[in-house]
Amino acid sequence: MKAVIIGAGIGGLTTAIALQEKGIEPLIFEAAGELTTKGAGILIPPNAMAVLDQYNLTEQIQSMAQPIQAMQILNNHGQLLSSSPTLHEYQGQGFQTHAIHRGRLQQILLSKVSKEAIKLDYKCQKLVFRGDQAIVDFQNGYKQAADLVIGADGLRSKIRHNLFHPRSPEKALRYSGQICWRGIASIELKENWQHRLTEVWGRGTRFGFVQIAPGEIYWYATQHQKVPFTERVDLATLQKTFKHYVSPVQDILASTPENKLIHDHIYDLDPLTTWSLNRAVLLGDAAHATTPNLGQGGAQAIEDAFALAQALSASRSSQSDIEKAFTDYELARRSKVDKVVQASWQIGQVTNLSNPLACYMRNTAVKHMSKRMLQRSTKQIYAWP
Ligand SMILES: Cc1cc2nc3c(=O)[nH]c(=O)nc-3n(C[C@H](O)[C@H](O)[C@H](O)COP(=O)(O)OP(=O)(O)OC[C@H]3O[C@@H](n4cnc5c(N)ncnc54)[C@H](O)[C@@H]3O)c2cc1C
């Protein structure tokens, strides 16, 4: 069976690994000319760690990442509002969240995919179905026929546009009203900030940070922004915006090189009616991009990869077999993904609040949230399979 994957992000690479394990040889086409080690950090939560363990990646991740024991939320004066442990057990085996540089995670995933299976500088432009094949056209003029095509090409997926929104590709995107900056700071944090992800909530702003390697801190900052704007915000402006934040926020910003600042407007995807059509299926952000408030977007793509490979493992190349596998995959994944997208959206909206009374009430509610309630919601999110 010839399986083509569009996109070599977290979702595409993990899918390639998962298919290889099932004896299906994938071919990945990636728009970028090289897979660089740029980018900021990422959290690999226990549900993603448990999947990656199936592919014997735990040791490699542990050697390049920092284990995180807890995720805590503080108010901007530094008072603790909530703390939740990240350890979760799967059939008696415990997995913990790990924080890692995105580039390092990509290298780990790449190390499991054969070099011949990845074609760089192939930007997909069009997908058509002809007879019993799917045919992908690339910008460089190349055409590839396949039994099935997996669109793992991210939030602004070309495959999704081709399948479901040919006239208005932006239609499915939802703007969260939030701008996000990310960076990597070179700084040693005091012991009490290590091995935990700390998020500080202010009024319409938020600052999160976590150590990803000794002396290397991944941080992100968000600000409520009703309408997306294009001008670049420099570090000095961010330092002003977060000047009233608890230490070490200012030290982290001051230790970040300006050229390492990344900024994005945060979008997710309005849930699609279905993730597949004919011989093509969507996966990861292409199918269900979520806001980053739960640190679960990449993890959901990783869970998708496992489920899709599982569904395809017993499949032949006939259209009915492939369509059945796609239906089984979506059935296995849909309800969890929808919950994650919805919960993450709500958290984002709550952190957008800027009215002092609303923020006071929000912080009080978070502080008094019962341990059991917190445990129940993390249990649902970390559940796998
Ligand atoms: C600020 C922020 C913080 C986040 N933090 C976390 C976190 O801590 N934990 C977590 O699990 N998730 C996190 N996420 C979400 C996570 O980054 C995404 O969910 C994840 O990267 C999705 O992977 P993907 O492979 O589906 O898509 P992508 O990572 O977007 O990869 C898509 C790939 O497809 C390629 N591509 C695009 N178009 C084409 C084309 N036409 N032809 C060929 N190739 C194409 C792209 O170049 C890219 O390589 C965060 C997201 C943001 C924005």
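(A) Representation of the overall build of the protein chain in the model. Helix and strand counts for the protein chain come out as 12 helices and 21 strands. Computed over its C-alpha atoms, the radius of gyration of the protein chain comes to 21 Å, within 12% of the 21 Å expected for a compact globule of 385 residues. Along the three orthogonal principal directions, the C-alpha set of the protein chain runs to about 65 × 50 × 35 Å. Looking at the protein chain residue by residue over its 385 residues, the buried ones come to 54%. Counted over contacts in the protein chain with a minimum sequence separation of 6, partners at least 24 positions apart contribute 74%. Counting every atom, the protein chain has about 17,600 Å² of accessible surface; 50% of that belongs to carbon and sulfur. The positive charge centre, built from 41 side chains, and the negative charge centre, built from 33, are 6 Å apart in the protein chain.

(B) Layout of unusual backbone geometry. Cis geometry is found at the peptide bond from serine 247 to proline 248, where omega equals 15°. With an omega of 0°, the peptide bond running from tryptophan 384 to proline 385 counts as cis. Among the secondary structure elements, proline 385 is positioned in the segment after helix 12 (371-382). A positive phi angle, close to 55°, is found at asparagine 278, a residue other than glycine. Relative to the helices and strands, asparagine 278 resides in the loop between strand 20 (276-277) and strand 21 (280-282).

(C) Representation of the pairing of strand 12 (residues 133-138). The element strand 12 is largely enclosed, with a buried count of five among its six residues. By the bridge criterion, six bridges tie strand 11 (residues 124-130) to strand 12 in an arrangement that is antiparallel. By the bridge assignment for strand 12, lysine 126 is matched with aspartate 137. Between the antiparallel neighbours strand 11 and strand 12 lie two residues, among them glycine 131 with a positive phi of about 60°. Of the pairings in the sheet, the one linking strand 12 to strand 13 (residues 143-146) comprises four bridges and is antiparallel in character. Bridge pairing in strand 13 links isoleucine 135 to alanine 145. Taken together, strand 12 and the strand that follows it, strand 13, pair antiparallel across an intervening segment of four residues, in which glycine 141 is found at a positive phi of about 95°.

Here is what the cut-offs are and how they apply
Residues numbered from 1 in each chain as written. Predicted model: local features only at pLDDT ≥ 70, side-chain atom pairs only at ≥ 80, totals over all residues. Heavy atoms only, no water. Helix = DSSP H or I, 4+ residues; strand = E, 2+ residues; numbered from the N terminus. Rg over C-alpha atoms; globule rule 2.2 N^0.38 Å. Buried < 20%, exposed > 50% of the residue type's maximum accessible area, 1.4 Å probe, protein only. Contact = heavy atoms within 4.5 Å. Areas by Shrake-Rupley, 256 points an atom, 1.4 Å probe, with all protein chains shown as cover. Lys, Arg positive; Asp, Glu negative; His and termini not counted. Charge placed at Lys NZ, Arg CZ, Asp CG, Glu CD. Pairing = 2+ DSSP bridges.

Purely geometric numbers; function is a separate question.
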